[in-house]
Amino acid sequence: MSLKIDWSVFDSEWYKKTYHSVLSFFEVEADSDVHNFYEHYGAALQHSPNMFFDEEWYLTRYPAVQTLIASGDYKSGFEHYKHLGFESYSPHWLFDEDYYKRTVLDASSAVLAQNGFRNGYDHYLNQGARSLSQPCLFFDPAFFLKEEPEFIFDVEEGVFIAFLQCLSEPRFQHTRLSWYFDPAWYAKHYADYAAEPGAWCGPLHHYLANTTPESYDPNPYFSEKFYRQTYEDVAAAVVSGAFRSCYEHFIKFGQYEFRQPAPDVKLRQYIENPKVKSEVAAQKYPSVFVHYMAHDGMVNETGYTEEEVEYISKSVYQSMCRARLPLLMRAGIDFTYTSPDISVIIVAHNNFAMTLSALFSLRENYKGSIQLILVDSGSSDEVRHIERYVQGAHVIRALGNIGFLLGCNEALQHVKADFTLYLNNDLELMPHAIDRALARFVKEPKAGAVGAKLLRTNGLLQEAGCIVWQDGGVVGYLRDQMPDIPEANYVRSVDFCSGAFLMVRTALLKELAGFDTDYAPAYFEETDLCVRLNQYNMEVVYDPAVVVLHYEYGTSGNHESGQMMAINFQKFKEKNNTYIATKLQRSEHNIVKARSTRTPTKRVLFIEDYLPFRHLGSGFTRSHDIVASMVEQLACDVTLYPVFRPIGMVEDTYTAFPDRAEVMWNKGLEDLAAFLHSRPGYYDVVWIARTHNAERLKPILAECNAALGRATVVLDTEAVAAGRTMQKLVLQGETPQHSLEEMLQKEFRAAQVAQQFIAVSAQDAQTLRTLGLEQVNILGHQQQVRRFTPGYTNRHDILFVGAIHDLESPNLESLLWFVKDVLPVLEQILQEDFKLRVCGYINPTIDLPELLAHPRVECVGRVEDISPYYDSHRIFIAPTRFAAGIPYKLHEAAANGLPIVASDILCTQVGWVNGTDIVAAQTGNPTDFAQCVKELYQNRELWERVRRNALRRIVLENNTEKYIETIRSILTFSKV
């Protein structure tokens, strides 16, 4: 298609107007002479060719282009942009190519080309600008028109082009163009800008084009210095050139991760305000940060109160039940059974629409066999005729409203299944609730009862398990909190759970004779039952995977119910005084301890760079296994805490880790001090993964020393990095500026924060001891051997497994080397058809298939189950050329029965014997590596010997019992 507006052409008229004084001096007037002047002199003077491209800004934003110009590759930034830069670079400070393609178009360069556009800028100038699309976050055409409603522009071109034509007008230079930059505030606070106003097209131009972006803030709500110091990952990205400033990262990504932009601007707390949340969700404001700026962090509480909101939500729920009613009455609900999996007891007093809706939810939730026992507690509505609509139910009719307690006890006499579920008639079961509850009994034989995460109709928590205090008082844990918070989403043994959904082992229930009739007609009956189960040496388990929406209907609050509650409270204290005496005193700081009744071996705060998903590799697999061992084998209470806050809740956060581990997916380093202060004396051990985190945590641990109490700090080095860094420098032909000893001293300069240290190998442990560190433990990897896997003849091809997090990854470097240098040699000598498959996590920003473009290479990426790949390939390769610690992938491959060819530096790390346990190739020698691959691939005798001996190594060196005992020893160490 022919473009109406073309950013690639020279505009003589615009050039003459813009550079009038220079052209007048050289007496250049004719258009042809003007263009010639630009080509010979103007480009070198950093003149722009048209209003769509800003030469000076381009060279400032992309300093590498200046180098290319100096070397003679290009005459100007504009020439570079026309030939190469247009694909990903931005041409002007008011247009962001990446932002536009990613957020407005959601299209790749290939898709744009198919539609006749060279890049996003082409599309914007010719289509997007007409529809008032945003070219970047700093210029919002719709916002600008609200500020300047009289602004005149050609609707066929759009606001953007008209604005570019007015850049020299002071009036528009100081107009606010978007929420993200405040020109008035900027001009007031930065005298250097005010001192040279003629050099810039307004404050925004100065902010986006100055050469020291770290020196300026865009508005009073963002601090470049604070953000840089708080988020080291962003600071590193800015240094590398990925972002011009920390603010660029924040407005593109950080604000949506609720990162803190300034010391007093706490977006994560701000978004918890229901009014803010609703207004952002309704898209009245594009983000929480914009809402904060628009309101100066102050929310005008003129909307509904919380009580009003809940009243409305309950009304809506009732309306939904009534809307379902005709459909359910016509279709009917079938509970016919033969041998039931569960028996469900429901007591109903009127509320026919809710009752039928609850029964439908029950039937839809579980497809297995259910014995439904429904007690009609003196109803006067259509509940009296429930059999007309529900088949197979055992209905018990009471002469009057006998209440929940007596109705349940009457129903218990008729229960036939091994598990009894007490269920209210004013709720809706979320998917798989009953399956999850039944599964909990199978997983935990000590579970006597299982309770649910109860949500109210307003979407907030009713409870996530309940607490009994030393004074006998009770409280629903986390009431009024959001249901997705980490504290509500891990399995705990608790004092009690509400009877709205309470599944109990029937044998226990009958032995205890159900609810104690002393509490009739109501209040404290389920609390007492759960306490009796705890005293019976069985556990009441809160399972967050069991989710129930509860209307929370009742008569609480009137005078009669208040009297009953007070009377039964005294009964509860008298009957359970022994149990109550063991409970904690009621206090805010004791809540975190009181929320669980199980006495842990240790309470551990496990701090890692990121949440240690196994698929991330790079030491995270090892961290995951350590956490799993603590929780599942050693009965520890573990809190997983990431240094770098995850971007939102990762979809498999609650399936990737043990379900009794508390996973703090919503926090990061900037929240840690407040987090520790909120849990004084709670943790016995602070386990710091990776040496570099000791330096990050040192000032925080010092600040929180009182809150940590007698907690032991463990520094798990994961790997000593100095040697790897030295190897990498030598490999790249660089001369190290420091000796290995100096690098080690720097690496461990903050090690004194810990009382215990962990190395992954004897070699690393010795290094730590030479640095003067004591209490050094060795904790490697845990592996379970798979003894029965396919043999030699049933296997083909070569496998590589490893995570690739960035372009500096040792795994990526080794793969690139293997494909470039080893694969051509291997093709010549192997004389067989084969494939190299690459499995493992790949950072989404890395196009690995393009980097490893070769017909024999297949990039599989992350897989849920790696076993089929281990079972189908003949050999495993590890061509690493610089490394630290011990390679998990070697142990995993060996445990899965797959023989390995590895660089000899890796063989040294694991201490395996070449030709016996592994095949070792000379590090960085492509011919030798190819020859080793050929030999192991084609020599069956060697293949079987290496496989057999490597399996034996795993059994001896990665023994589970020894691994668990080592962790136990580390955790039981006490600091003096």
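Residues numbered from 1 in each chain as written. Predicted model: local features only at pLDDT ≥ 70, side-chain atom pairs only at ≥ 80, totals over all residues. Heavy atoms only, no water.

Novice: Which residues make up empty space enclosed by the protein, and what values go with them?
Specialist: One pass over the full model with this rule turns up 4 cavities of 30 Å³ or more. Surrounding the largest cavity, 14 residues form its lining, Phe172, Gln173, Thr175, Leu177 and Leu204 being those nearest its centre. Breaking the lining of the largest cavity down by element, the ones donating at least two residues are helix 12 (170–173) and helix 15 (203–209). In terms of residue class, the lining of the largest cavity is made up of 10 nonpolar, 4 polar and no charged. What lines the second largest cavity is Tyr490, Val491, Arg492, Ser596, Arg598, Val631, Ala635, Cys636, Asp637 and Arg660. Of the residues belonging to the lining of the second largest cavity, the class tally is 5 nonpolar, 1 polar and 4 charged. (1 Å grid on protein atoms, 1.4 Å probe; cavity = no way out; pocket = protein on both sides within 12 Å on 5 of 7 lines; lining within 4 Å. Points joined across faces, edges and corners; volume = space filled by probe spheres on them. Helix = DSSP H or I, 4+ residues; strand = E, 2+ residues; numbered from the N terminus. Nonpolar A, V, L, I, M, F, W, Y, C, P; charged D, E, K, R; others polar.)

Novice: Please give an account of the sheet that holds strand 17 (residues 662–663) that cites residues and values.
Specialist: A sheet is described by the order of its strands in space; here 7 strands give the open sequence 17-16-15-18-19-20-21, paired in parallel fashion. Of all the strands in the sheet, the pair left with one neighbour each is strand 17 and strand 21 (776–778). Relative to strand 20 (residues 756–759), strand 19 (residues 712–716) runs parallel, the two being bridged by 3 bridges. Looking at the pairing, Asp716 lines up with Ile758 of strand 20. Seen against the sheet, helix 31 (residues 620–632) touches strand 15 (603–608), strand 16 (637–642), strand 18 (685–689), strand 19 and strand 20 and runs at an angle of roughly 170° to strand 15. (Pairing = 2+ DSSP bridges. Contact = heavy atoms within 4.5 Å. Axes fitted to C-alpha atoms, helices over the stretch in contact; angles between N-to-C directions.)

Novice: Could you give me a rundown of the packing of aromatic side chains, with the residues and numbers involved?
Specialist: For the coordinates displayed, the defined rule picks out 73 aromatic pairs. Where Tyr180 meets Phe289, the ring centres are 6.5 Å apart and the plane angle is 25°; that geometry is what we call stacked. Within this pair, whereas Tyr180 is found in the loop between helix 12 and helix 13 (183–189), its partner Phe289 is found in helix 21 (residues 288–295), the two being separated by 109 residues in sequence. What makes Tyr180 buried here is its relative accessible area of 4%. Both rings, one in Phe419 and one in Phe441, keep their centres 4.8 Å apart while their planes meet at 35°; by these two values the pair is tilted. Taken as a pair, Phe419 in strand 6 (residues 419–423) and Phe441 in helix 25 (residues 433–443) lie far apart in primary sequence, 22 residues in all. Take Phe419 and Phe441: they sit in the same class, and that class is buried. Over the ring of Tyr551 we find Lys314, and its NZ or CZ is 5.2 Å from the ring centre. The ring of Tyr937 has Arg874 sitting right over it, with the charged end atom 4.7 Å from the ring centre. (Phe/Tyr/Trp six-rings, centres within 6.5 Å; stacked < 30°, edge-to-face > 60°. Buried < 20%, exposed > 50% of the residue type's maximum accessible area, 1.4 Å probe, protein only. Lys NZ or Arg CZ within 6 Å of the ring centre and 35° of its normal.)

Novice: Help me get a handle on the packing of helix 20 (residues 274–281) against helix 21, residues and values and all.
Specialist: Interaxial distance between helix 20 and helix 21 falls to 10 Å at its minimum, and their mutual angle equals 120°. Considering the relative orientation of helix 20 and helix 21, their crossing is right-handed. Residue-level contacts link Val276, Glu279 and Val280 of helix 20 to Val288, His291 and His295 of helix 21. Counted by class, the contact of helix 20 with helix 21 contains 3 nonpolar, 2 polar and 1 charged residues. (Left-handed = near helix turned anticlockwise from the far one by under 90°.)

Novice: I'd like a description of helix 42 (residues 888–895), backed by residues and values.
Specialist: Where burial is concerned, most of helix 42 is hidden: 8 out of the 8 residues are buried. Among all positions in helix 42, only Tyr888, Lys889, Leu890, His891, Glu892, Ala893, Ala894 and Ala895 are buried. Just downstream of helix 42, Gly897 is the residue with a positive phi angle, here 75°.

Novice: So what's going on with the sheet that holds strand 25 (residues 875–878)? Which residues, and what values?
Specialist: Strands pair in a sheet through their backbones, by hydrogen bonds, and they do so in one of two ways: parallel or antiparallel. Strand order in the open sheet formed by 6 strands is 24-23-22-25-26-27, and the pairing between neighbours is parallel. Of all strands in the sheet, those bounded by a partner on one side alone are strand 24 (857–861) and strand 27 (919–921). Neighbour to neighbour, the strand axes of the sheet diverge by 25° on average, direction disregarded. In the sheet, strand 22 (residues 798–801) pairs with strand 23 (residues 836–839) via 4 bridges, with the strands oriented parallel. Looking at the pairing, Phe800 lines up with Val838 of strand 23.

Novice: Quick rundown of the nonpolar core? Include the residues and the values.
Specialist: Grouped together as the largest cluster of nonpolar side chains are 97 residues, with contacts concentrated most on Leu356, Leu359, Tyr422, Ile434, Phe501 and Met503. By residue number, the principal contributor to this core is strand 14 (residues 539–550), which donates 7 residues. In this structure, Phe86, Tyr99, Phe222 and Val265 belong to the second largest nonpolar core, which totals 83 residues. (Core = buried A, V, L, I, M, F, W, Y, C linked by side-chain atoms within 4.5 Å.)

Novice: So what about the packing of helix 39 (residues 810–830) against helix 44 (residues 926–938)? Which residues, and what values?
Specialist: Running from N to C, helix 39 and helix 44 cross one another at 50°; their axes reach a closest spacing of 8 Å. Relative to helix 44, the element helix 39 is oriented oblique. In this structure, helix 39 meets helix 44 at a crossing whose hand is right-handed. Of the residues in helix 44, those in contact with Trp817, Phe818, Asp821, Val822, Val825, Leu826, Ile829 and Leu830 of helix 39 are Pro926, Thr927, Phe929, Ala930, Gln931, Val933, Lys934, Tyr937 and Gln938. When the residues that make up the contact of helix 39 with helix 44 are grouped by side-chain class, the tally is 12 nonpolar, 3 polar and 2 charged. (Parallel < 35°, antiparallel > 145°, perpendicular 65-115°, else oblique.)

Novice: Can you tell me about the pairing of strand 2 (residues 342–348), naming the residues and giving the values?
Specialist: Among the 7 residues that make up strand 2, 7 are buried, leaving the element largely enclosed by the rest of the structure. Burial of strand 2 is two-sided: the residues Ile342, Val344, Ile346 and Ala348 facing one way and the residues Ser343, Ile345 and Val347 facing the other way are all buried. Alignment of strand 2 against strand 3 (residues 370–377), held across 7 bridges, turns out to be parallel. The residue of strand 3 that forms the bridge with Ile346 is Leu374. In this region the chain leaves strand 2, passes through helix 23 (residues 352–365) and returns to the parallel neighbour strand 3; the handedness of that crossover is right-handed. In terms of strand pairing, strand 2 meets strand 6 through 4 bridges, oriented parallel. By the bridge assignment for strand 6, Ile342 is matched with Phe419. (Right-handed = clockwise from strand over helix to strand, strands pointing away.)

Novice: Outline a nonpolar patch on the surface, supporting the account with residue identities and numerical values.
Specialist: The grouping of Tyr311, Ile312, Val316 and Met320 at the surface amounts to a nonpolar patch, some 410 Å² of accessible area in total. Mapping Tyr311 onto the fold places it in helix 22 (residues 306–331). (Patch = residues over 30% accessible without salt bridge, like charges linked within 9 Å, V, L, I, M, F, W, Y side chains within 5 Å. Areas by Shrake-Rupley, 256 points an atom, 1.4 Å probe, with all protein chains shown as cover. Salt bridge = Lys/Arg side-chain N within 4 Å of Asp/Glu carboxyl O.)

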